[in-house]
Amino acid sequence: MPDLSAALRARIAAHGPLPLEAFMAEAAAAYYAEGRAFGRDGDFVTAPEISQVFGELVGLWCALRWIAMGRPARVLVCECGPGRGTLIADFLRAARSVPGFAAAIELHLVETSAALRRAQAEALGATPARWHESLGTVPGDAPLLLVANEFLDALPVRQLVRRGGLWRAVRVGLAEGAFVAVDGPETLPPPDLLAALPPPEEGCVIEHRPAAEDFARDLGRRLADQGGAALILDYGPAASGYGDSLQAVRRHRFAPPLEAPGTADLTAHVDFARIAAAARPAAAFGPAPQGRWLLAMGIRERTAQLAAHATPEQAKALASGAARLCEAPAMGRLFKALALLPPGAAAPEGFGNP
Ligand code: SAH
């Protein structure tokens, strides 16, 4: 494994500070290439790894969308950033209980890490799938049911900091061999983002995510053209705001974000308002707090059903998993669900009024 820190140090020494976005992209590629990220032995635990019910309810939501579309004979199920493949395996198990749905599914996975592609293939067993580097190569000739859990948070962010009445790009430089944030050249934030925010104060930070917005634009166009639905589950605020939300997690603890790139999970909050705006003309619903969406989809009932056939120990784990997924301050509130549907669609399951 080449040492990413050494390579980035040499690059900065030769060419000057790197845009934060480039630093984050390199760190993510190296980090996910290793594939050790997930689960109790890894760096962090995601919702599908906490309870099988999470992936099952996502599958059920998609099944209900498929039924609402009139049960098309062919539907593209596309998961972006499937990690170890846990969500999609639980999704497909639930899908098999809905007559006709599993047989209609053509499975597409957007994943850049070769190690994680292998883990996903293993989780899928005999179920065939096609892998893609990006959404761009997923077919456009059938309705699309797209799922992305903790995918957008891993895409690189751009940061700008307010200094002396100007916006300056945040770059990553070196101080005594350590990576540090430095002020780069004057750069203008997207005008629509500025328009959504109060007047800036000295030192405040704006984040935006061109890669995620490009993804949302493509997705929105596809939903309008192909039909279907998308469910985006991630963490971040419902409305745009100021603030530096870059964070690194290693072995279940926060670490300094710029330290040792490629050895920790480096993420930033998803700005759901901008994702929904970029996806227009698709109709957006939510974001709803993840806990509220899971409760509306029946997490309690499904958990109780599983627990009735489980050992007391398994039943306890199922109950604590469901609680962890639903309850603030754990994952219930910062984590949110955003649904995107073709223009003019009515609210989908779990996004009605509380
Ligand atoms: N959805 C999973 C994993 C989340 S981690 C879960 O909930 O457990 C982020 C996932 O996105 C990983 O599978 C990672 O390899 C993938 N990923 C990160 N950046 C990507 C990119 N630019 N393109 C495609 N996949 C990416």
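Residues numbered from 1 in each chain as written. Predicted model: local features only at pLDDT ≥ 70, side-chain atom pairs only at ≥ 80, totals over all residues. Heavy atoms only, no water.

### A few points about the packing of aromatic side chains
Remark: the centre distance and the inter-plane angle together describe each pair of aromatic rings, the angle taken between the planes. Summed over the entire model, instances satisfying the criterion amount to 8 aromatic pairs. Taken together, the ring pairs connect Trp66, Phe91 and Phe101 into an aromatic cluster. (Phe/Tyr/Trp six-rings, centres within 6.5 Å; stacked < 30°, edge-to-face > 60°.)

### Re the nonpolar core
Core analysis: the biggest nonpolar cluster contains 48 residues, and Val58, Trp61, Phe91, Phe101, Ile105, Trp293 and Phe351 have the highest contact counts within it. Broken down by element, this core gets its largest block of residues, 8 residues, from helix H4 (residues 52-68). Beyond its immediate stretch of four places on either side in the chain, Trp293 contacts Leu57, Val58, Trp61, Leu231, Leu233, Ala337, Glu349, Gly350 and Phe351. Listed in part, the 29 residues of the second largest apolar core include Cys80, Phe215, Ala278 and Leu340. (Core = buried A, V, L, I, M, F, W, Y, C linked by side-chain atoms within 4.5 Å. Buried < 20%, exposed > 50% of the residue type's maximum accessible area, 1.4 Å probe, protein only. Helix = DSSP H or I, 4+ residues; strand = E, 2+ residues; numbered from the N terminus. Contact = heavy atoms within 4.5 Å.)

### Things to note about the sheet that holds strand E14 (residues 283-289)
Spatially, E4-E3-E2-E5-E10-E15-E14 is the arrangement adopted by the 7 strands of the open sheet, whose pairing is mixed. The open sheet has two edge strands with one neighbour each: strand E4 (130-132) and E14. Direction aside, the axes of adjacent strands within the sheet are offset by 20° on average. Strands strand E2 (75-80), strand E5 (144-149), strand E10 (228-235) and strand E15 (335-341) of the sheet are contacted by H4, whose axis makes an angle of about 155° with E10. (Pairing = 2+ DSSP bridges. Axes fitted to C-alpha atoms, helices over the stretch in contact; angles between N-to-C directions.)

### A look at the site of the ligand
The environment of the ligand is made up of 16 residues, and the closest members are Thr46, Gly81, Gly83, Glu111 and Asn149. The separation between a nitrogen atom of the ligand and a polar main-chain atom of Gly81 is 2.6 Å. Computed on the free molecule, the ligand has an accessible area of 570 Å², of which 91% lies beneath the protein chains in the complex. The class makeup of the residues in the shell around the ligand is 7 nonpolar, 6 polar and 3 charged. (Near = heavy atom within 4 Å. Polar contact = N/O pair within 3.5 Å; in protein donor to acceptor, adjacent residues only side chain to side chain. Areas by Shrake-Rupley, 256 points an atom, 1.4 Å probe, with all protein chains shown as cover. Nonpolar A, V, L, I, M, F, W, Y, C, P; charged D, E, K, R; others polar.)

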